[in-house]
Amino acid sequence: MRIGIVAPSCPITPELARRLHQLAGGRAELRIHPQCYLTHGHFAGPDAARADALVEYANDPDLDAVWFARGGYGACRIVEAVLPRLSGAAGDKQWMGYSDAGTLLGALYAEGYRRVAHGPMPADLNRRGGDAAVNRALDWLVDGRESACEASPGRKAAFNITILAHLIGLPWQPDLNGHVLMLEEVSEYHYRIDRALAQITAHPGIRRVAGIRLGRCSQIPENDVDFGMDEVAIAEHWCRISGIPFLGRADIGHDSANKVVPFGR
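In this text, all values refer to a predicted model and were calculated from it rather than measured experimentally. Along each chain, residues carry numbers from 1 onward, in the same order as the chain's sequence is written. Residue-level local features of this predicted model are given only where pLDDT is at least 70; pairs of side-chain atoms are given and counted only at 80 or more, and the full residue set underlies all totals for whole chains, interfaces and linings. Only hydrogens and water are removed before side-chain values are computed, so all heavy atoms of the structure are retained for them.

1. A word on the pattern of salt bridges
Salt bridge criterion: a side-chain nitrogen from Lys or Arg within 4 Å of a carboxyl oxygen from Asp or Glu. Here the structure, examined in full by the defined rule, presents 17 salt bridges. The residue Asp143 makes a salt bridge to Arg145 at a minimum N-O spacing of 3.5 Å. Here's how the labels work: a residue is buried when its accessible area is under 20% of the maximum for its type, exposed when over 50%, partly exposed in between, all with a 1.4 Å probe on protein chains only. By relative accessible area, which is 41% here, Asp143 ends up partly exposed. According to the relative accessible area criterion, Arg145 is partly exposed, its value standing at 41%. Of the charged contacts in the structure, one is a salt bridge between Lys259 and Asp251, with a shortest N-O distance of 3.4 Å.

Spelled out as structure tokens, the structure:
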């Protein structure tokens, strides 16, 4: 199994890469693109460098998968430049990441890619319990183990709430008709979660999902005036208003317990 690692958002360190190689051991051959170590302000290199690295690994027929190195911010700046340059080899690969990488995962799924998954990334090694998260990712990428996945019947997809809200109405918003939609969030006030879910659930396409499951919403800042609803109550409210079934909680989030969610299936 040959896995190419690129950083469409923020960089990783050589030390993290060394730990990743040790953990992968003989399970997979990891090819970490030099672009992953670039820095350009907030980003892992200029937009063109990040786009070029992604296209290079996506179109490389010797690679079996593309694994996004970490989240942060930046994927939305390159998605429009990347999609027209992808070849047939890109569609044969597995793709995995989460957080900001959801922009690219959603766009790929909208383009008909069917081996896309929301799941742990190499940068999760920086979290407590990160070894388990990366091993879970490799369990799915290398061995296709269902035990690594969030159990849910039928078709499914998963996104960070803010990222999906920003995809609404764009050309690369995927068709999620009939899917169980799993959503998670990190470092956002309750009122921002409320605002994003209001936008998401108002879209006619989203109202055709089979239901919404709420993952973990972590590191929520304390508002100076309490919002009066937690994230579960917020999700239940907007599901009730929109007529979308609320299907309970999902085992995903910005943490080392984050399960893999293959899109579709």
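2. Here we look at the side chain of His33
In DSSP terms, a helix is any run of H or I states spanning at least four residues, a strand is any run of E spanning at least two, and both are numbered starting from the N terminus. One can find His33 in the loop between strand E2 (29-32) and helix H2 (47-58). Within the structure, the side chain of His33 is placed 2.9 Å from the side chain of Glu56, a separation counted as a polar contact. Two residues qualify as a contact provided that any one of their heavy atoms is within 4.5 Å of a heavy atom in the partner residue. Ignoring sequence-local partners within four residues, the contact set of His33 consists of Ile5, Val6, Ala53, Glu56 and Tyr57. Each polar contact in these results corresponds to two N or O atoms within 3.5 Å; when the atoms are within protein, one needs to be able to donate a hydrogen and the other to accept it, and residues that are neighboring in sequence are counted only if both atoms are side-chain atoms.

3. Some words on helix H5 (residues 102-110)
With 8 of its 9 residues buried, H5 lies for the most part within the structure. Listed in full, the buried residues belonging to H5 are Gly102, Thr103, Leu104, Leu105, Gly106, Ala107, Leu108 and Tyr109. Positive backbone phi, approximately 100 degrees, marks Gly112, located one or two places after H5.

4. A closer look at the pairing of strand E4 (residues 94-97)
Residue alternation in E4 divides its side chains into two sets, Gln94 and Met96 and Trp95 and Gly97, and both sets are buried. For two strands to count as paired, DSSP must find a minimum of two bridges between them. Relative to E4, strand E3 (residues 65-68) runs parallel, the two sharing 3 bridges. In the strand pairing of E4, Trp67 is matched with Met96. The pairing of E4 with strand E5 (residues 116-118) spans 3 bridges and is classified as parallel. Each residue of the ladder has a partner; that of Met96, found in E5, is Ala117. Throughout, right-handed denotes a crossover for which the path from the first strand over the helix to the second runs clockwise when the strands point away from the viewer. Where the polypeptide runs from E4 across H5 and back to E5, its parallel neighbour, the crossover connection is right-handed.

5. A word on the environment of Pro204
Structurally, Pro204 can be placed in the loop between helix H8 (190-202) and strand E8 (211-218). Among the residues examined, Pro204 registers a relative accessible area of 54% and is labelled exposed. With 172 residues separating them in the primary sequence, Pro204 and Ile32 have C-alpha atoms 40 Å apart.

6. Thoughts on the sheet that holds strand E9 (residues 246-249)
Ordered in space as E6-E7-E8-E9, the 4 strands form an open sheet in which the pairing is parallel. Edge strands, defined here as strands with exactly one partner in the open sheet, are strand E6 (156-160) and E9. Averaged over all pairs of adjacent strands, the angle between strand axes in this sheet comes to 20 degrees, irrespective of strand direction. Where E6 meets strand E7 (residues 180-186), 5 bridges bridge the pair, whose relative direction is parallel. The axes used here are C-alpha line fits, helices contributing only the stretch in contact, and every angle between their N-to-C directions lies in the interval 0 to 180 degrees.

7. Observations regarding the nonpolar core
What makes a nonpolar core is a set of buried Ala, Val, Leu, Ile, Met, Phe, Trp, Tyr and Cys residues whose side-chain atoms join them at distances within 4.5 Å. Trp67, Phe68 and Trp95 are the most contacted members of the largest nonpolar core, which totals 82 residues. With 6 residues, the next largest nonpolar core counts Ala158, Met182, Ala250 and Val261 among its residues.

8. Brief notes about the sheet that holds E2
Pairing within the open sheet is mixed, and its 6 strands lie in the order E2-E1-E3-E4-E5-E10. Each edge of the sheet is formed by a strand with only one pairing partner; in this case those strands are E2 and strand E10 (261-262). Running over the sheet, helix H1 (residues 14-24) touches strand E1 (2-6), E2 and E3 and is turned about 165 degrees from E2.

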